[in-house]
Amino acid sequence: MNTIISPSILSADFANLERDIKLIEKGGADWVHIDVMDGHFVPNITIGVPVVKSLKKITNLPLDVHLMIENPDKYIEPFAKAGADILTFHYETGVNIEKTITDIKSYGAKAGISIKPKTQPEVLLPFLDKIDMVLVMTVEPGFGGQEFINDCAEKIKFIKENSKRDLIIQVDGGINDKTAQICKSYGANSLVAGSYIYKSPDITEAIKSLK
Ligand code: DX5
Ligand code: ZN
């Protein structure tokens with residue numbers, strides 16, 4: 001499987017989202033990573049359903065929606081109907097995981113589950129054969145531009161060893177050309193990068209260097 005590159009528009013210019021999404025499209029991005037934050041699950045507020053709905057109209061790239069919100073189960077339907085192709089929620093929210101996965105899939109979206117830096121990967125064992133993607137956070141969720149936490153990346157190995165089928169193992173936080181190599185060597189097959197891509201003088205080259 002080729003590495004799926006999902007640039008995070010959290011580092012894009014919110015006044016020019018269409019322009020900035022065209023840039024990553026042209027640069028060879030596979031997905032668009034959209035960070036949804038509610039000011040409760042994480043100390044930041046970002047994007048909601050109406051923005052996802054608008055972005056759906058201007059790109060054919062799959063929308064990879066990362067829900068950093070409390071009660072994600074309440075918002076599966078609106079985000080799915082707005083055009084989310086991949087919906088990832090957090091293990092730490094305490095929702096009924098099996099039900100939330102079933103719900104996401106009922107809308108034809110891919111279901112992902114994410115763990116924060118302090119959550120151990122073992123908690124995911126009962127769900128690994130039911131989900132499409134695991135998202136390993138390598139920074140505390142909430143903000144772009146933070147430093148990669150090496151210890152978190154080792155969780156990828158555990159998930160890889162314990163997943164049977166072609167599970168997508170995505171990594172998010174502090175990804176650049178160097179940390180990407182570490183993650184890929186552990187078995188990651190999807191990388192999210194915000195500041196590395198959007199702060200680069202050559203977005204196409206930056207995406208290429210991650211692949
Ligand atoms: C952080 C978000 C990330 C963020 C990554 O909570 O989930 O997707 O945009 O930003 P960088 O790549 O700058 O660490
Ligand atoms: Zn994210």
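Criteria and thresholds
- Residues numbered from 1 in each chain as written.
- Chains lettered and ligands numbered in written order.
- Predicted model: local features only at pLDDT ≥ 70, side-chain atom pairs only at ≥ 80, totals over all residues.
- Heavy atoms only, no water.
- Near = heavy atom within 4 Å.
- Polar contact = N/O pair within 3.5 Å; in protein donor to acceptor, adjacent residues only side chain to side chain.
- Areas by Shrake-Rupley, 256 points an atom, 1.4 Å probe, with all protein chains shown as cover.
- Helix = DSSP H or I, 4+ residues; strand = E, 2+ residues; numbered from the N terminus.
- Core = buried A, V, L, I, M, F, W, Y, C linked by side-chain atoms within 4.5 Å.
- Buried < 20%, exposed > 50% of the residue type's maximum accessible area, 1.4 Å probe, protein only.
- Contact = heavy atoms within 4.5 Å.
- Pairing = 2+ DSSP bridges.
- Right-handed = clockwise from strand over helix to strand, strands pointing away.
- Axes fitted to C-alpha atoms, helices over the stretch in contact; angles between N-to-C directions.
- Parallel < 35°, antiparallel > 145°, perpendicular 65-115°, else oblique.
- Left-handed = near helix turned anticlockwise from the far one by under 90°.
- Donors = N, O, S within 2.8 Å, 3.2 Å for Na, K, Ca; no water.

Before going further, it helps to spend a moment on the site of ligand 1. By nearness alone, 20 residues border ligand 1, and D35, G142, D172, G194 and S195 come closest of all. Between an oxygen atom of ligand 1 and a side-chain N or O atom of H33, the distance comes to 3.4 Å. Contact distances for ligand 1 include 2.8 Å between an oxygen atom and a side-chain N or O atom of D35. Burial of ligand 1 by the surrounding chains reaches 100%, relative to a free accessible area of 380 Å². Elements represented by at least two residues in the shell around ligand 1 include exactly strand 2 (32–37), strand 3 (63–68) and strand 8 (190–193). If you tally residues by element for the shell around ligand 1, the top one is strand 2, at three residues.

Moving on to the nonpolar core. Ranked by size, the top nonpolar core spans 59 residues in total, and within it I9, I34, V65, L87, V134, I156 and I175 carry the most contacts. Top contributing element to this core by residue count: helix 3 (residues 76–82), with four residues. Not counting residues within four places of it along the chain, the set of residues in contact with I175 comprises F148, A180, C183, L191, V192, A193, Y196 and L210. Core analysis: the next-biggest nonpolar cluster, separate from the first, contains five residues, I4, W31, M133 and I168 among them.

In this structure, N71 takes a positive phi of about 50° despite not being glycine. On the basis of relative accessible area, N71 is assigned to the partly exposed category, the value being 40%.

Here we come to the pairing of strand 5 (residues 110–115). Within strand 5, five of the six residues are buried, which leaves the element mostly enclosed by the surrounding structure. In this structure, strand 4 (residues 86–90) lies alongside strand 5, joined through five bridges in parallel fashion. Note on strand 5: the bridge partner recorded for I86 is K110. Crossover connection from strand 4 via helix 4 (residues 97–106) to parallel strand 5: handedness right-handed. Both strand 5 and strand 6 (residues 133–137) contribute to a ladder of four bridges, which runs parallel. For I115, the partnering residue across the bridge sits in strand 6 and is V136.

Turning to the packing of helix 5 (residues 150–162) against helix 6 (residues 177–186), a few remarks are in order. Viewed as axis vectors pointing N to C, helix 5 and helix 6 meet at an angle of 25°, and their least axial separation amounts to 8 Å. For the element pair helix 5 / helix 6, the angle class is roughly parallel. Of the two possible hands of crossing, helix 5 and helix 6 adopt the one that is right-handed. Between helix 5 and helix 6, the contacting residues are N150, A153, E154, I156, K157 and K160 on the first element and I182, C183 and Y186 on the second.

A few words on the coordination of the zinc ion (ligand 2). Around the zinc ion (ligand 2), the protein contributes the donor atoms H33 (NE2), D35 (OD), H66 (ND1) and D172 (OD), which lie 2.1 to 2.3 Å from the metal centre. If you list the donors of the zinc ion (ligand 2) from N- to C-terminus, the spacing comes out as H-x1-D-x30-H-x105-D. Taking the relative accessible area as the measure of exposure, D35 reaches 5% and is therefore buried.

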